[in-house]
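# Report on the structure
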Amino acid sequence: MKNNKLKYLSLMISGALLTSSQVYAQDYRAAAEKALDEHFQRSTLSREEQLAELEWFIKAAEPFRGMEIKTVAEGLTTHTYEAEVLAEVFTDITGIEVEHNIIGEGDVVDTMQTQMQSDRNIYDAFVNDSDAIGTHLRYGKTVAISDAMENEWKDFTNPDLDLDDFIGLQYTTGPDGKIYQLPTQQFANLYWFRADWFDREDLQEQFKERYGYDLGVPLNWSAYEDIAEFFSVHVKEIDGERVYGHMDYGRRDPSLGWRFHDSWLSMAGMGSKGVPFGNPVDDWGIRVNEDGNPVGASVSRGGATNSPASVYAVTKMVEWLRDYAPESARGMTFGEAGPVPAQGQIAQQIFWYTAFTADMTDPSLPVTDDEGNPKWRMAPSPAGPYWEEGMKVGYQDVGSWTFFDSTPEDRRTAAWLFAQFTVSKTVSLEKTIAGLTPIRRSDIFSDEMTELAPKLGGLVEFYRSENESMWTPTGTNVPDYPRLAPLWWQNLAPAVNGEVTPKKALDDLAAAMDRTMSRLARADVFDQYAPILNEERDEQYWLDQPGAPKPALENEKPQGKTKPYDQMMEEWMAE
């Protein structure tokens, strides 16, 4: 009798649990349908396909329901969308509570470094720039995503993730062929200019008379410098407003370092040929040997950080900031300088982060017309005199989901589900439209982006061109991004402020990088690809070798060259 009662109670409990489970499943499905109606109407998937993908997330999340996870990203519009929209929707359809924190980029790097060094779990997943790929593949602290997908995440990887659809996956893949990070946003450094001013016949005539060639999109730094001088020194005012031919920033701040190692040196032509990262000398000036070990940044060790091309680049940065940008720019940081071109006084910017595209499209701005169409355009950046065909053309930022072995496996897996949700085809097109930092080819080639293209000043055309792959992030030569990156702004700020010469600042930087890499090698902290520094020798030996480091040019300002924007874009899309 007692056994029968127990069996009856057991059946009752099982039935109740089954009913409860079915009710919950219905609730989660209802939440998914609501999310599609309210947030994700634009997608490259059909509604049925979207719902099927969300149902996969509902099912995969079952073991983690009720769990609270913490993730972190820097303060970009895209990540704010993830925090305010995607985290809430994910919680509603999975029962996993997500706190997606938005903090400063420098704070993300510092916190990541702390977690790696202490093995203490601070966040369950980070959105960290792929610039740190060299760090992740060396320390043995970062979970290789491609390995986890075949093992611990085998049953928790979205079958429709479609890695081949990601634009920047090559930047998060190590020389060992493993994928260490999953892209979630991507933006580039491009040339930006006021197309309406460049199209004015009076300004075209004045420029042609003074410089002997047409006002247009500059193809080299000589033309950029001429255009900067033209607007800042000779035009001075347009419609009663003071105008400037250049914009940058110069405050002693970590973001000053990004400006140099993201753009100035590589665009000038300091590094080696090869995409994505330059081989054997990358865009930081660090040389690696045939086995991938860093062997030095100084010219005396075969690097190029303090080479003539680098000296030229820093010299131009300092001169243009001083002579052609608003005086206030010298005291600005990245975040403060970014919105300035939208205020209507800047004629051009040699490399402008496309992350600010969304901020440029407000119809109330002086850089848009009455119908909200941009008066500005973006185009490929001009190349410096040391640049050669086959080198990277500019920088691209690829913010990517990153996971560490210090995070408990269950929390890490739950965070992996959230990461996949933020890049899933169900939500990625809406996220792309919200933040304009595309990560999927299917999104950038969608009908919706075709319709938006005229409002975005060349962004869609840039990402649809095969040439987009010539804009690349920091590469695998950099062995410890968190330790080496601060050396840039600390050593180059005195040159920007006029306290030391560019050559002295770069000599100090290169020496500091070599000391840091040597110290890391002695500490035996790397699992693989550790620095093995070359012995120092006379710099001329390395300058006489083919490729980087390159000897000084006799003429660093050749004839300026420009091209009409429409012709440039036609050629750009045809290649």
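Notes on the structure follow.

### A look at the overall build of the chain
The helix and strand inventory of the chain stands at 21 helices and 14 strands. Its C-alpha radius of gyration of 26 Å places the chain within 12% of the 25 Å reference for a compact globule of 575 residues. For the chain, the proportion of its 575 residues judged to be buried stands at 58%. For the chain, the computed accessible surface area is about 23100 Å², with 47% contributed by carbon and sulfur atoms.

### With respect to the nonpolar core
Grouped together as the largest cluster of nonpolar side chains are 122 residues, with contacts concentrated most on Trp221, Phe231, Phe260, Trp264, Trp284 and Met513. Excluding residues within four positions of it along the chain, Phe231 makes contact with Trp197, Phe198, Leu203, Leu215, Lys236, Ile238, Arg242, Val243, Tyr244, Gly245 and Ala347. Of all hydrophobic cores here, the second largest spans 51 residues; its members include Trp56, Ala61, Ala73 and Val427.

### So, unusual backbone geometry
Look at the link from Asn279 to Pro280: it is a cis peptide, with omega at 10 degrees. Assignment of secondary structure puts Pro280 in the loop between α10 (254–268) and β8 (287–288). Here the amide bond leading from Ala548 into Pro549 is cis, since omega sits at 0 degrees, within 30 degrees of zero. Within the secondary structure layout, Pro549 lies in the loop between α20 (539–543) and β14 (562–563). A positive phi angle, near 60 degrees, is found at Asp119, a position not held by glycine. Despite not being glycine, Asp524 has its phi angle at roughly 55 degrees, a positive value. Relative to the helices and strands, Asp524 is located in the loop between α19 (502–523) and α20.

### A short note on the environment of Glu229
In this fold, Glu229 is placed in helix α9 (residues 221–235). You can call Glu229 partly exposed: its relative accessible area is 24%. Spatially, the C-alpha atoms of Glu229 and Gly245 are 6.3 Å apart, while their sequence positions differ by 16 residues. If we skip the residues at most four places from it in the chain, Glu229 touches Tyr211, His234 and Tyr324.

### Section: helix α14 (residues 425–435)
In terms of residue burial, α14 counts as a mostly covered element, since ten of its eleven residues are buried. Those residues of α14 that sit buried are Lys425, Thr426, Val427, Ser428, Leu429, Glu430, Lys431, Thr432, Ile433 and Gly435. Just downstream of α14 lies Leu436, where phi reads positive at about 55 degrees.

### As for the side chain of Ser465
Along the chain, Ser465 falls in the loop between α17 (459–464) and β13 (471–472). Here the side chain of Ser465 touches Asn467 through a polar contact of 3.0 Å, landing on its backbone nitrogen. When near neighbours in sequence (up to four residues on either side) are disregarded, Ser465 contacts Trp572 and Met573.

### Here we look at a negative patch on the surface
Taken together, the side chains of Glu68, Glu88, Asp92, Glu97 and Glu99 present a region of like negative charge at the surface. Listing elements by their share of the negative patch, those giving two or more residues are α3 (77–94) and β2 (97–103).

### A few points about the pattern of salt bridges
Following the criterion strictly, the structure yields 30 salt bridges and no others. Across the pair Arg42 and Glu430 runs a salt bridge whose closest N-O atoms are separated by 3.1 Å. A residue pair is termed long-range when its members are at least 10 positions apart, and Arg42 in the loop between α1 (2–38) and α2 (47–60) and Glu430 in helix α14 qualify at 388 residues. Classification of Arg42 as partly exposed rests on a relative accessible area of 36%.

### Remarks on the packing of aromatic side chains
On inspection of all chains with the given rule, the structure shows 45 aromatic pairs. Ring centres 5.9 Å apart and planes at 80 degrees place the aromatic pair Phe403 and Trp416 in the edge-to-face group. Of this pair, Phe403 sits in the loop between β12 (394–402) and α13 (409–423) while Trp416 sits in helix α13, and the two are 13 residues apart along the sequence. Of the two residues, Phe403 and Trp416, neither departs from the other in class, the shared state being buried. On the basis of an interplanar angle of 90 degrees and a centroid distance of 5.2 Å, the ring pair of Phe462 and Trp471 is categorised as edge-to-face. Of note, Arg242 hangs over the ring of Tyr244, and the distance from its end group to the ring centre comes to 4.4 Å. Between Arg537 and the ring centre of Tyr541, over which it is positioned, the NZ or CZ distance is 3.5 Å.

### Looking at the packing of helix α18 (residues 481–496) against α19
The contact between α18 and α19 brings their axes to 8 Å, and the two run at 160 degrees. Judged by the inter-axis angle, α18 sits roughly antiparallel to α19. For the pair α18 and α19, the crossing hand works out as right-handed. Each of Arg483, Leu484, Leu487, Trp488, Asn491, Leu492 and Ala495 in α18 lies in contact with α19, whose residues at this interface are Pro502, Ala505, Leu506, Asp508, Leu509, Ala512, Met513, Thr516, Met517 and Leu520. Of the residues belonging to the contact of α18 with α19, the class tally is 13 nonpolar, two polar and two charged.

### Thoughts on the environment of Tyr324
Structurally, Tyr324 can be placed in helix α11 (residues 308–324). Under the relative-accessibility criterion, Tyr324 is labelled buried at 10%. On a C-alpha basis, the gap between Tyr324 and Leu169 in space is 38 Å, while along the polypeptide they are 155 residues apart. What Tyr324 contacts, discounting residues up to four positions off in sequence, is Glu225, Ala228, Glu229, Ser232, Val233, Tyr244, Gly245, His246 and Glu319.

Parameters at a glance
- Residues numbered from 1 in each chain as written.
- Predicted model: local features only at pLDDT ≥ 70, side-chain atom pairs only at ≥ 80, totals over all residues.
- Heavy atoms only, no water.
- Helix = DSSP H or I, 4+ residues; strand = E, 2+ residues; numbered from the N terminus.
- Rg over C-alpha atoms; globule rule 2.2 N^0.38 Å.
- Buried < 20%, exposed > 50% of the residue type's maximum accessible area, 1.4 Å probe, protein only.
- Areas by Shrake-Rupley, 256 points an atom, 1.4 Å probe, with all protein chains shown as cover.
- Core = buried A, V, L, I, M, F, W, Y, C linked by side-chain atoms within 4.5 Å.
- Contact = heavy atoms within 4.5 Å.
- Polar contact = N/O pair within 3.5 Å; in protein donor to acceptor, adjacent residues only side chain to side chain.
- Patch = residues over 30% accessible without salt bridge, like charges linked within 9 Å, V, L, I, M, F, W, Y side chains within 5 Å.
- Salt bridge = Lys/Arg side-chain N within 4 Å of Asp/Glu carboxyl O.
- Lys, Arg positive; Asp, Glu negative; His and termini not counted.
- Charge placed at Lys NZ, Arg CZ, Asp CG, Glu CD.
- Phe/Tyr/Trp six-rings, centres within 6.5 Å; stacked < 30°, edge-to-face > 60°.
- Lys NZ or Arg CZ within 6 Å of the ring centre and 35° of its normal.
- Axes fitted to C-alpha atoms, helices over the stretch in contact; angles between N-to-C directions.
- Parallel < 35°, antiparallel > 145°, perpendicular 65-115°, else oblique.
- Left-handed = near helix turned anticlockwise from the far one by under 90°.
- Nonpolar A, V, L, I, M, F, W, Y, C, P; charged D, E, K, R; others polar.

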